[in-house]
Amino acid sequence: MKDMQVELIDDIIKNFTRMTLEDFEYLASLVCPKITRMNTNMREAITARERLALTLRFLATGDSFTSLQYLFRISKSSISGIIPEVCDAISDSLQEYIKIPTTTEQWLEKANEFKIKWSFPHAIAAMDGKHIMIQAPNLSGSEFYNYKNSFSIVLFALVDANYNFMYVDLGCQGRISDGGVFKNTKLYKKLENHTLNIPNPCALQIPYVVRVPYMILGDKAFALNDYTMTPFAGNPDSGSPERVFNYRHSRARRVVENAFGILSAVFRVLRKPMLLQPDVAAKVTMTTIYLHNFLRSHASSEIYTPPGSLDTEKEGEVVNGRWRSDQQMTSMLPIRNVPRRTSEHVKNIRLHIASHLILNDVLPWQNLY
């Protein structure tokens, strides 16, 4: 770090910390006052910048503590204490970068972004969940044991139309059924109690009579209801309203897939089981999410998500982002589909949207899928 500071070798900073020198300095100005330790008569303290660089390197590579020990000349026992402490400091310093809308106007802005960018009406967010694999916690029994016959904590998140995380719930035990993951979040309770100021249902356009609610886009692992929109089951016929709806739904929901994909492609600590206790693994994962939003909103965005890293589309032809070609991961595994009953009212709303997408809100290439 001293060599890099003296020589100001920008490319080394980029490769080492996954951000520009300017953003590293800004992050250091926020975090370092919280992690600085005083020198003693016995020895000099590990500097705050070294602590921060060590943690960023761990997040970016997932290197073992043994490897980091030789790279930074810091003992494994010290590293095991530094990383959770710095993760707490980063998360605390970047609190403002993850915010869920609190007013009707803010939700309408999110819906408008989905309409403009992804041509899907009344979508306010996309959601998904992933199993973050961990080592078997001490004396935990089957508490964290999941359907993949391994141990995990569950990451649940809402993502906006610009690939930014709006809401995150982390730490649910892997043993809990995937349908219960969402129901265990504070978000679910607020949705059930109608306390999020989500806009009231309204017609997609005049002279429609059907009032369509503003909904969160989810895959088949989630229930179809008044605030969650999922695709039609099975493989609908080509050109049918159901087939077009599934294409348009998948196209809009792709933002959450890309957000998770980029997150794990850059912060490779997420790509393999963490040899950490659940609470520390949750801190590490949460820190990567704060850094994701931080980097997306600063100059480091070109380093974090350079051209070609995200899925792109040209006249209906999808070009996969580079994150999809990475080697198969042993962590960040999908949650499992669970069959559920759905009310006829919500099914009719979904069919109404499907009809709208083939009659009055058409994409020229949508029938190709």
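In every chain, residue numbers begin from 1 and rise along the written sequence. Only residues with pLDDT of at least 70 are given local features in this predicted model, and only at 80 or more are side-chain atom pairs given and counted; all residues enter the totals for whole chains, interfaces and linings. By convention in this description, side-chain values take in all heavy atoms of the structure and omit both hydrogens and water.

1. Looking at the nonpolar core
Joining through side-chain atoms within 4.5 Å is the link that ties buried Ala, Val, Leu, Ile, Met, Phe, Trp, Tyr and Cys residues into a set, and such a set is a nonpolar core. Relative accessible area decides the class of each residue, using a 1.4 Å probe on protein chains only: under 20% of the type maximum gives buried, over 50% gives exposed, and in between gives partly exposed. In this structure, Leu27, Leu52, Phe165, Val284, Leu291 and Ile353 are the most contacted members of the largest nonpolar core, which totals 86 residues. Sorting elements by how many residues they give to this core places helix H10 (residues 241–266) first, with 11 residues. Every residue pair with non-hydrogen atoms within 4.5 Å of one another is taken to be in contact. Not counting the four nearest positions on each side in its chain, Val284 is found in contact with Phe58, Leu59, Ile83, Cys87, Val269, Met274 and Leu276. Under the scheme used here, helices are H or I runs from DSSP no shorter than 4 residues and strands are E runs no shorter than 2 residues, and both carry numbers assigned from the N terminus.

2. Some words on the packing of helix H6 (residues 76–93) against helix H11 (residues 278–296)
Note on definitions: angles span 0 to 180 degrees between N-to-C directions of axes, and those axes are lines fitted to C-alpha atoms, for helices only across the stretch in contact. Remark: H6 packs on H11, axes separated minimally by 9 Å, with the N-to-C direction vectors making an angle of 40°. Taken as axis vectors, H6 and H11 run oblique relative to one another. For the pair H6 and H11, the sense of crossing is left-handed. From H6, Ile83, Pro84, Cys87, Asp88, Ile90 and Ser91 reach across to H11, where they touch Val280, Lys283, Val284, Met286, Thr287, Tyr290 and Leu291. Under this grouping Gly is polar, as are all residues other than the nonpolar Ala, Val, Leu, Ile, Met, Phe, Trp, Tyr, Cys and Pro and the charged Asp, Glu, Lys and Arg. Classifying every residue of the contact of H6 with H11 by side-chain character gives 9 nonpolar, 2 polar and 2 charged. Throughout, the term roughly parallel applies to angles under 35 degrees, roughly antiparallel to angles over 145, roughly perpendicular to angles from 65 to 115, and oblique to all others. Should the near helix be turned anticlockwise from the far one by less than a right angle, the crossing is left-handed, and should it be turned clockwise, the crossing is right-handed.

3. Quick word on H6
Compared with the 26 Å implied by 1.5 Å per residue over 18 residues, the 26 Å span of H6 between its first and last C-alpha is a close match. For H6, the complete set of buried residues consists of Ile79, Ile82, Ile83, Pro84, Val86, Cys87, Ala89, Ile90, Ser91 and Ser93. Residues of H6 that are buried in the fold lie against helix H3 (21–35), helix H4 (48–61), helix H5 (65–72) and H11. In this scheme, a helix's expected span is set at 1.5 Å multiplied by one less than its residue total.

4. Describing the pairing of strand E1 (residues 123–134)
With 12 of its 12 residues buried, E1 lies for the most part within the structure. DSSP calls a pair of strands paired once it identifies at least 2 bridges connecting them. Relative to strand E4 (residues 215–217), E1 is paired through 3 bridges, and the arrangement is parallel. Bridged to Ala123 within E4 is Met215. Pairing of E1 with strand E2 (residues 151–159), which is carried by 9 bridges, proceeds in the antiparallel orientation. Note that in E2 the partner of Ala126 across the bridge is Val159. Sheet topology places E1 next to strand E8 (residues 333–334); 2 bridges connect them, and they run antiparallel. Note on E8: the bridge partner recorded for His131 is Leu333.

5. A look at H10
An α-helix turns once per 3.6 residues; consequently, residues spaced three or four apart project the same way. With 26 residues, H10 ought to run about 38 Å at 1.5 Å a step, and its terminal C-alpha atoms sit 38 Å apart, in line with that. Fitting axes to the seven residues that end at a residue and to the seven that start at it, the angle between those axes gives the bend at that residue. Largest kink in H10: about 35°, centred on Arg253. Counting buried positions along H10 gives 21 out of 26 residues, so the element sits mostly inside the fold.

6. A short note on the packing of aromatic side chains
Only the six-membered ring of Trp is used, alongside the rings of Phe and Tyr, when aromatic pairs are assigned; centres must lie within 6.5 Å, and planes under 30 degrees apart are stacked while those over 60 apart are edge-to-face, with the rest tilted. Evaluation of the coordinates by the stated rule reveals 14 aromatic pairs. Note on Phe232 and Phe245: the rings are 5.3 Å apart at their centroids and 80° apart in plane angle, and the pair reads as edge-to-face. A residue pair is termed long-range when its members are at least 10 positions apart, and Phe232 in the loop between strand E5 (228–229) and H10 and Phe245 in helix H10 qualify at 13 residues. Residues Phe232 and Phe245 agree in their burial class; the two are buried. Through a chain of ring-to-ring contacts, the aromatic side chains of Phe156, Tyr167, Phe182, Tyr188, Phe222 and Tyr227 assemble into a single cluster.

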